[in-house]
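# Chains, contacts and geometry: an overview
Here are the chains, one letter per residue:
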Amino acid sequence: HSRMIAIATEVNRRINRKVRPVDDIAQYHVEDYWTLPSSRGGDCEDVALFKKQELVARGVPADRLLLATVFSKNVGAHAVLVLILYEGDIVLDSLNTRI
């Protein structure tokens, strides 16, 4: 599992730095639109989907990855990606480069 944690740490950090935050209203003129980030950027669920795609491409089993909606005091409803491990779940968050 240390290999999966290392991959998750790298993917989380790289994608958080790469994808510019852009909300769905500004980008698609709708309140909520789940897709991969565009060249302009993406919002939290776009980033979570992108991380899932990257982790699966790097060999992490898809059944170990869960999209979850959480509540953040700063932003309200917020989507994250959860990596399920026997030792405990790891949260990959677009608001934090640490997992």
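Structural notes, computed from the coordinates. (Residues numbered from 1 in each chain as written. Predicted model: local features only at pLDDT ≥ 70, side-chain atom pairs only at ≥ 80, totals over all residues. Heavy atoms only, no water.)

### Remarks on the nonpolar core
Operational definition: Nonpolar core, defined: a set of buried Ala, Val, Leu, Ile, Met, Phe, Trp, Tyr and Cys residues in which side-chain atoms within 4.5 Å join the residues together. Accessibility here uses a 1.4 Å probe with only protein chains present; expressed as a share of the type maximum, an area under 20% marks a residue as buried, one over 50% as exposed, and anything in between as partly exposed. Numbered from the N terminus, helices here are DSSP runs of H or I no shorter than four residues, and strands are runs of E no shorter than two. Residue contacts follow a heavy-atom distance rule, with two residues in contact if any of their heavy atoms lie within 4.5 Å.
Core analysis: the biggest nonpolar cluster contains 17 residues, and Ile15, Leu55, Val60, Leu65, Leu81, Leu83 and Leu92 have the highest contact counts within it. At the level of secondary structure, the elements contributing two or more residues to this core comprise α1 (2-18), α3 (44-57), β2 (76-83) and β3 (90-92). Leaving out residues up to four positions away in the same chain, Val60 has contacts with Met4, Ile7, Leu55, Leu65 and Leu83.

### A closer look at the side chain of Gln27
Defined as follows: We define a polar contact as two N or O atoms separated by no more than 3.5 Å, with the added condition that, inside protein, one atom must be a possible hydrogen donor and the other a possible acceptor, whereas residues neighbouring each other in sequence contribute only through side-chain atom pairs.
Relative to the assigned elements, Gln27 resides in helix α2 (residues 24-28). Looking at Gln27, the relative accessible area reads 10%, which means it is buried. Side-chain polar atoms of Gln27 contact the side chain of Ser38, separated by 2.3 Å. Reaching out from Gln27, the side chain makes a polar contact with the backbone oxygen of Gly41 at a distance of 3.3 Å. When near neighbours in sequence (up to four residues on either side) are disregarded, Gln27 contacts Val22, Ser38, Arg40, Gly41 and Gly42.

### Description of the packing of α1 against α3
Under the convention used in this document: Inter-axis angles, ranging from 0 to 180 degrees, are taken between N-to-C directions of lines fitted to C-alpha atoms, where helices are fitted over the stretch in contact. Working definition: roughly parallel below 35 degrees, roughly antiparallel above 145 degrees, roughly perpendicular at 65 to 115 degrees, and oblique for all remaining angles. Left-handed is the label given to a crossing in which the near helix is rotated counterclockwise from the far helix by less than a right angle, and right-handed is the label when the rotation is clockwise. When residue character is reported, Ala, Val, Leu, Ile, Met, Phe, Trp, Tyr, Cys and Pro are called nonpolar, Asp, Glu, Lys and Arg charged, and the others, Gly included, polar.
At a closest axis distance of 10 Å, the pairing of α1 and α3 adopts a crossing angle of 140°. As summarised for this structure, α1 and α3 are arranged oblique, according to the angle between their axes. For the element pair α1 and α3, the recorded crossing hand is right-handed. Across the interface between the two elements, Ile7, Ala8, Val11, Asn12, Arg14, Ile15, Asn16 and Lys18 from α1 touch Val47, Phe50, Lys51, Glu54 and Leu55 from α3. Residues that form the contact of α1 with α3 fall into these classes: 7 nonpolar, 2 polar and 4 charged.

### A short note on the pairing of β2
To keep things clear, this is the line we draw: Two strands pair under a simple rule: DSSP has to find at least two bridges between them.
Counting buried residues in β2 gives 7 out of 8 residues, a clear majority hidden from the surface. Looking at chain direction, strand β1 (residues 65-72) and β2 are connected through 8 bridges and run antiparallel. Across the sheet, Leu67 pairs through a bridge with Leu81, a residue of β2. Counting the residues between successive antiparallel strands, the hairpin from β1 to β2 contains 3 residues.

### Comments concerning the packing of aromatic side chains
Where two aromatic rings form a pair, the distance of their centres and the angle of their planes describe that pair. We apply this condition: Paired rings are identified among Phe, Tyr and Trp, the last through its six-membered ring, by centres lying within 6.5 Å, and are further divided according to the angle between planes into stacked (under 30 degrees), edge-to-face (over 60) and tilted (the rest). Throughout this description, the term charge over a ring refers to an Arg CZ or Lys NZ atom that lies within 6 Å of the ring centre and within 35 degrees of the ring normal.
Per the counting criterion, the structure on display carries 1 aromatic pair. On the basis of an interplanar angle of 50° and a centroid distance of 4.7 Å, the ring pair of Tyr28 and Tyr33 is categorised as tilted. Judged by relative accessible area, Tyr28 falls into the partly exposed class, the value being 26%. One Lys or Arg, Arg64, reaches over the ring of Tyr86 and ends 4.6 Å from the middle of that ring.

None of the figures reported here should be taken as evidence of function without further support.
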